Amino acid sequence: MTTLFVISGPSGAGKSVLIDRLVNDVGPLRFSVSCTTRAPRAGERDGVDYHFLSRDAFEAGVAAGRFFEHAAFSGNLYGTNWSELEAAGTAGQDLLLDIEVQGARQLQEKSIDAVYIFVTPPSFAELERRLRSRNTEDEAAVQKRLRQAAADAPEMNRYQYIVVNDQLEEAYTQLRSIFVAERTRRHRMGKVLEPILESFRK
Ligand code: ADP
Ligand code: 5GP
């Protein structure tokens, strides 16, 4: 059994920056590449950042039961393909999902065993500043995302861990610590413990 990590937080909180660093730092961890109907941003690569789909193709995927979870966010559809979980399972890798709160809620309501982490900025004003400074959305889309952030904020109460991303270094240290600690929980250590225990059986 590999471990599922779910990270949510408002658009502009710093999830992508933190996750990019994490996947290159904490050992075998697969980033789940979601499907979306959103247009690619400059520099985003199909199949790496997202699988970019037409709305028709996405809806066909929903009808065919291809999504583990999916949700509408800020006018676009986003979803996690079952194939991401299968690939992580086959490779024996932990899987990291960067999904918004409705998708996470679907998993929580199905009692999916995962580590649920919410990344929040230190304030709404700082979120607005980051979202604008990222310069990836037009004004209408920024406004929409800010409204969504305000509506979603109370959902952070559904998460096991909260990382306040004020100073990036500190937030990263906290996030990394969560991964390291969760991976050493006894019920996730079975394969590691077997040979150790065996070595004591004389
Ligand atoms: P998300 O993936 O949550 O939408 P991003 O990772 O794209 O957010 O970050 C949004 C913007 O904020 C980016 O320009 C990023 O460089 C910046 N940022 C992230 N963390 C911090 C931080 N701790 N302090 C200042 N700026 C940050
Ligand atoms: P963005 O358009 O900024 O890349 O992502 C917008 C939001 O969609 C973010 O909150 C991100 O976590 C969420 N998201 C990305 N992929 C998925 C997914 O597969 N499912 C769900 N439910 N949300 C996703």
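Look a little higher up for the structure.
Here's a quick rundown of the structure. This is a predicted model, so every value here is computed, not measured. (Residues numbered from 1 in each chain as written. Chains lettered and ligands numbered in written order. Predicted model: local features only at pLDDT ≥ 70, side-chain atom pairs only at ≥ 80, totals over all residues. Heavy atoms only, no water.)

### A closer look at the nonpolar core
One recurring pattern in soluble globular proteins: nonpolar side chains tend to sit buried together.
Item 1. Counting residues in hydrophobic clusters, the biggest one holds 18 residues, and the most contacted among them are L22, L96, I117, L175 and F179.
Item 2. Looking at this core, the elements with two or more residues in it are β1 (4-8), α1 (15-23), β8 (115-120) and α7 (168-183).
Item 3. For this core, the element with the highest residue contribution is α7, accounting for 5 residues.
Item 4. Beyond its immediate chain neighbours, meaning those up to four positions away, I117 contacts F5, V6, I7, S8, Y159, Y161, V163, L175, I178 and F179.
Item 5. Grouped together as the second largest cluster of nonpolar side chains are 14 residues, L4, F68, V101 and A104 included. (Core = buried A, V, L, I, M, F, W, Y, C linked by side-chain atoms within 4.5 Å. Buried < 20%, exposed > 50% of the residue type's maximum accessible area, 1.4 Å probe, protein only. Helix = DSSP H or I, 4+ residues; strand = E, 2+ residues; numbered from the N terminus. Contact = heavy atoms within 4.5 Å.)

### As for the site of ligand 1
Item 1. Close to ligand 1 lie 14 residues; G12, K15, S16, R134 and N165 are nearest.
Item 2. Residue G14 places a main-chain N or O atom 3.0 Å away from an oxygen atom belonging to ligand 1.
Item 3. Between ligand 1 and the protein, one listed contact pairs a nitrogen atom with a side-chain N or O atom of N165 at 2.8 Å.
Item 4. Put simply, ligand 1 lies in the largest pocket.
Item 5. Only α1 and α5 (124-134) provide two or more residues apiece to the shell around ligand 1.
Item 6. The residue makeup of the shell around ligand 1, split by class, is 4 nonpolar, 5 polar and 5 charged. (Near = heavy atom within 4 Å. Polar contact = N/O pair within 3.5 Å; in protein donor to acceptor, adjacent residues only side chain to side chain. 1 Å grid on protein atoms, 1.4 Å probe; cavity = no way out; pocket = protein on both sides within 12 Å on 5 of 7 lines; lining within 4 Å. Sits in = over half its atoms within 2 Å of the grid points. Nonpolar A, V, L, I, M, F, W, Y, C, P; charged D, E, K, R; others polar.)

### Quick word on the site of ligand 2
Item 1. The environment of ligand 2 is formed by 17 residues, the closest being R38, Y50, Y78, D98 and E100.
Item 2. Note that an oxygen atom of ligand 2 is positioned 2.7 Å from one of the side-chain N or O atoms of S34.
Item 3. Within the side chain of Y78, an N or O atom sits 2.6 Å from an oxygen atom of ligand 2.
Item 4. When ligand 2 is considered free in solution it has 510 Å² of accessible area, and contact with the protein chains removes 95% of it. (Areas by Shrake-Rupley, 256 points an atom, 1.4 Å probe, with all protein chains shown as cover.)

### As for the sheet that holds strand β4 (residues 50-52)
Item 1. Spatially, 4 strands are ordered β4-β3-β6-β5 in an open sheet, and the strand pairing comes out mixed. Lying at the two open borders of the sheet, with one neighbouring strand each, are β4 and β5 (67-73). If you compare each strand with its neighbour and ignore which way they point, the axes differ by 25 degrees on average.
Item 2. Alignment of β5 against strand β6 (residues 76-81), held across 6 bridges, turns out to be antiparallel. Bridge pairing in β6 links E69 to T80. (Pairing = 2+ DSSP bridges. Axes fitted to C-alpha atoms, helices over the stretch in contact; angles between N-to-C directions.)

### Structural notes on the environment of Y78
Item 1. Locating Y78 in the fold gives a position in strand β6.
Item 2. Separated by 54 residues in sequence, Y78 and N24 have C-alpha atoms that sit 24 Å apart.

### Concerning the pattern of salt bridges
Item 1. Following the criterion strictly, the structure yields 20 salt bridges and no others.
Item 2. Note that R21 and E169 form a salt bridge whose closest N and O atoms lie 3.0 Å from each other. Here R21, found in helix α1, pairs with E169, found in helix α7; they are 148 residues apart in sequence, far enough to count as distant.
Item 3. A salt bridge links R134 to E137, with the shortest nitrogen-to-oxygen separation between them at 3.2 Å.
Item 4. Linked through salt bridges whose partners overlap, the residues forming this network are R38, R41, E44, R134, E137 and R145. (Salt bridge = Lys/Arg side-chain N within 4 Å of Asp/Glu carboxyl O.)

### Quick look at the sheet that holds strand β7 (residues 94-98)
Item 1. Strands sit in the order β2-β7-β1-β8-β9 across an open sheet of 5 strands; the sheet is parallel. In the strand order of this sheet, the two ends are held by β2 (29-31) and β9 (161-164), each with one partner. Between one strand axis and the next, the sheet turns through 25 degrees on average, direction left out of account.
Item 2. The pairing of β1 with β7 spans 4 bridges and is classified as parallel. Following the sheet pairing, I7 is matched in β7 by D98.
Item 3. In the packing of helix α3 (residues 82-91) onto the sheet, contacts are made with β2 and β7, and the angle to β2 comes to roughly 165 degrees.
Item 4. The strands touched by α7 are β1, β2, β7, β8 and β9; relative to β9, the strand with the most contacts, the crossing angle is about 155 degrees.

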